[in-house]
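What follows is the residue order along each chain.
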Amino acid sequence: MATKAKKASLFNWEGTDRKGNKTTGVINGTNIALVKAQLRKQGITPSKVKKEAMSLGGKKTQKITPFDIAIFTRQLATMMKAGVPLIQSFEIVADGLENPSLRDLVLDIKAEVAAGNSFADSLTKHPKHFDDLFCNLVSSGEKSGALETMLDKVATYLEKTETLKKKVKKALTYPISVVCVAFVVTVILLVKVVPTFESMFSSMGSELPAFTQLVVALSEWMQEYWLIVILTVAAIVFAYKKAMEKSEAFRNKVDHVSLKLPVVGAIISKSSIARFARVLSTTFAAGVPLVDALDSVAGATGNVLYKNAVYKVRDDVASGTQLQYSMKSTGVFPSMAVQMVAIGEESGALDSMLDKVAEHFEDEVDDLVDNMASLMEPMIMSILGVLIGGLIIAMYLPIFQMGNAM
């Protein structure tokens, strides 16, 4: 029978590097002996290795978000611009991080770099947190000898992109959450409150108004099938999430439909253009050839319509067509963006013009999100008023009828 592999644990260590400088860190391993051997391979002489204490119920891992990666990149760029060596920069940044999972990730990357691997190669071992675009830009920075400048550009790109995503999510989350709350409140009223009034009405003996009868019938149906309704809603949400994860055709359909929605479609469209311009500006400024840059940009647009359009632009540019003409032929890029790209190509400042395009459409997304919030508030209040107010009126109509009859 095969021996079961031991589970890796975290070990805190102290030691000295090849230059005799004291250093500390955290490393994964199965036992102290193997951890010491691993540290020696990295050129570190360990003086103290101790297994990290586990909290009751096990160590709780904290999720690493894209914003965490943006913070790490910005801090690393700042350290390197100040003249701090890369290895030491990792240590300083790791010490200041509050997220333990991110700290472990940074220390793992530091250990890889200290062992002789390039920064870009070390990042490729963590594809969950560093995509191909990030790794390619870091690789370009290392090869050109301007890693700190490239990290600064990557940090700016991540911050702008994540801020834009957050604003779009906020615009979509607010109305959805309010509608969900309204649905829950309506179910509670139908299941718990209406039956109380129903028992009171039955003792009156008089015929109820048609609207009240409708609400009472709906309440009786909800009392009998409320569990089925909740399970059906949960199943629809679960099926939607699974379909988005597994089915590319379904995701593409959702992308196409989302662009046709009023207000929301405009937000998604303009945010896709902003991401296209931001990523292309960053990659092109890094010295990446235009065709290769467009290949990386396609996946960053966030919508299949723009993704396919960028692939078409890439193929046209590869065959010798100018970027401005290929963008115009797709029919999805606004004339303002095309004209700015044309000026950039003619003046030799394409990256600068793309940056201005990104800023313009990011500002437009900001305005649309603010306007949407202003438009949605009275609409949501109207929906809540109709749902909740309608139920209350239906319950009090018989009482008003009795008062008029007396």
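Trainee: How should the overall build of the chain be read in this particular structure?
Mentor: When its secondary structure is counted, the chain shows 15 helices and three strands. For the chain, whose C-alpha radius of gyration is 29 Å, the value lies well above the compact-globule estimate of 22 Å for 406 residues. In terms of its C-alpha atoms, the chain occupies a principal-axis envelope of roughly 100 × 65 × 45 Å. For the chain, the proportion of its 406 residues judged to be buried stands at 39%. Considering only contacts within the chain whose residues lie at least 6 apart along the sequence, 59% involve residues at least 24 apart. As displayed, the chain offers around 23,000 Å² of accessible surface, 60% of which is attributable to carbon and sulfur atoms. Averaged over its 44 positive side-chain charges, the chain has a centre that lies 9 Å from the centre of its 41 negative ones.

Trainee: Help me understand the packing of aromatic side chains, please; the structure alone is not making it clear to me.
Mentor: Aromatic rings in a pair are described by how distant their centres are and how their planes are angled relative to each other. Evaluation of the coordinates by the stated rule reveals seven aromatic pairs. Each ring, one from tyrosine 306 and one from phenylalanine 333, has its centre 6.1 Å from the other, and the planes form 75°; the classification is edge-to-face. Here phenylalanine 333 lies in the loop between helix H13 (323-330) and helix H14 (335-347) and tyrosine 306 lies in helix H12 (residues 304-318), a separation of 27 residues in the sequence. Judged by relative accessible area, tyrosine 306 falls into the buried class, the value being 4%. Overall, the relative accessible area of 8% leaves phenylalanine 333 in the buried class. An aromatic cluster of three or more residues is present, and its members are Phe72, Phe130 and Phe134.

Trainee: What exactly am I supposed to notice about the pattern of salt bridges here?
Mentor: Scanning the entire structure with this criterion turns up eleven salt bridges. Measuring nitrogen to oxygen at the nearest pair gives 3.1 Å for the salt bridge that ties aspartate 316 to lysine 312. You can see aspartate 316 and its partner lysine 312 sitting in helix H12, four residues apart, about one turn around the helix. The salt bridge partner of arginine 314 is aspartate 315, with a shortest N-O separation of 3.1 Å. Here the residues in one salt-bridge network are Arg74, Lys81, Asp152 and Glu159, joined through shared partners.

Trainee: Where do I start with the packing of H13 against H14 in this structure?
Mentor: Helix packing for two helices is described by the angle between their axes and how far apart those axes are. Where H13 contacts H14, the two axes come as close as 8 Å, and the packing angle between them is 165°. When the axis of H13 is compared with that of H14, the two are roughly antiparallel. Read as a crossing pair, H13 and H14 show a hand that is right-handed. Residues Leu323, Gln324, Met327 and Lys328 of H13 pack against Ala337, Val338, Val341, Ala342, Glu345 and Glu346 of H14. Along the lines of polarity and charge, the residues of the contact of H13 with H14 split into six nonpolar, one polar and three charged.

Trainee: What should I look at first to understand the environment of lysine 48 in this one?
Mentor: Residue placement: lysine 48 occurs in strand S3 (residues 45-51). According to the relative accessible area criterion, lysine 48 is partly exposed, its value standing at 46%. Considered as a pair, lysine 48 and glutamate 14 are 34 residues apart in the sequence and their alpha carbons are 5.1 Å apart. Residue contacts for lysine 48: discarding those within four places in its chain leaves Asn12, Trp13 and Glu14.

How each quantity is defined
- The residue numbers shown here count from 1 along each chain, following its written sequence.
- The model is predicted, so local features are restricted to residues of pLDDT at least 70 and side-chain atom pairs to those at 80 or more, both for listing and for counting; the totals for chains, interfaces and linings are taken over all residues.
- Hydrogens and water molecules were not included; the side-chain quantities draw on all heavy atoms of the structure.
- Helix and strand assignments come from DSSP, with helices taken as H or I runs of at least 4 residues and strands as E runs of at least 2, each series counted from the N terminus.
- Put simply, the radius of gyration uses C-alpha atoms, and a globule should come to 2.2 Å times the residue count raised to 0.38.
- Categorising residues by exposure relies on relative accessible area from a 1.4 Å probe, with only protein chains included: less than 20% of the type maximum marks a residue as buried, more than 50% marks it as exposed, and the intermediate range marks it as partly exposed.
- It only takes one pair of heavy atoms within 4.5 Å for two residues to be counted as in contact.
- To measure how exposed things are, a 1.4 Å probe is used in the Shrake-Rupley method; for residues, cover is taken only from the protein chains shown.
- Charged residues are defined here as Lys and Arg on the positive side and Asp and Glu on the negative side; His and the ends of the chain fall outside this count.
- In this description, the location of a charge corresponds to atom NZ of lysine, CZ of arginine, CG of aspartate or CD of glutamate.
- Here a pair means two rings of Phe, Tyr or Trp (six-membered ring of Trp) with centres within 6.5 Å. Their orientation is stacked below 30 degrees between planes, edge-to-face above 60, and tilted elsewhere.
- When a carboxyl oxygen of Asp or Glu is within 4 Å of a side-chain nitrogen of Lys or Arg, the pair counts as a salt bridge.
- Note on geometry: axes are lines fitted to C-alpha atoms, helical ones only across the stretch in contact, with angles between N-to-C directions running from 0 to 180 degrees.
- Just so you know how the angles are binned, under 35 degrees is roughly parallel, over 145 roughly antiparallel, 65 to 115 roughly perpendicular, and the rest oblique.
- Crossing handedness is read from the near helix: turned anticlockwise from the far helix by less than a right angle, it gives a left-handed crossing, and turned clockwise, a right-handed one.
- Note that Gly is not counted as nonpolar here; it falls among the polar residues with everything else outside the nonpolar set of Ala, Val, Leu, Ile, Met, Phe, Trp, Tyr, Cys and Pro and the charged set of Asp, Glu, Lys and Arg.

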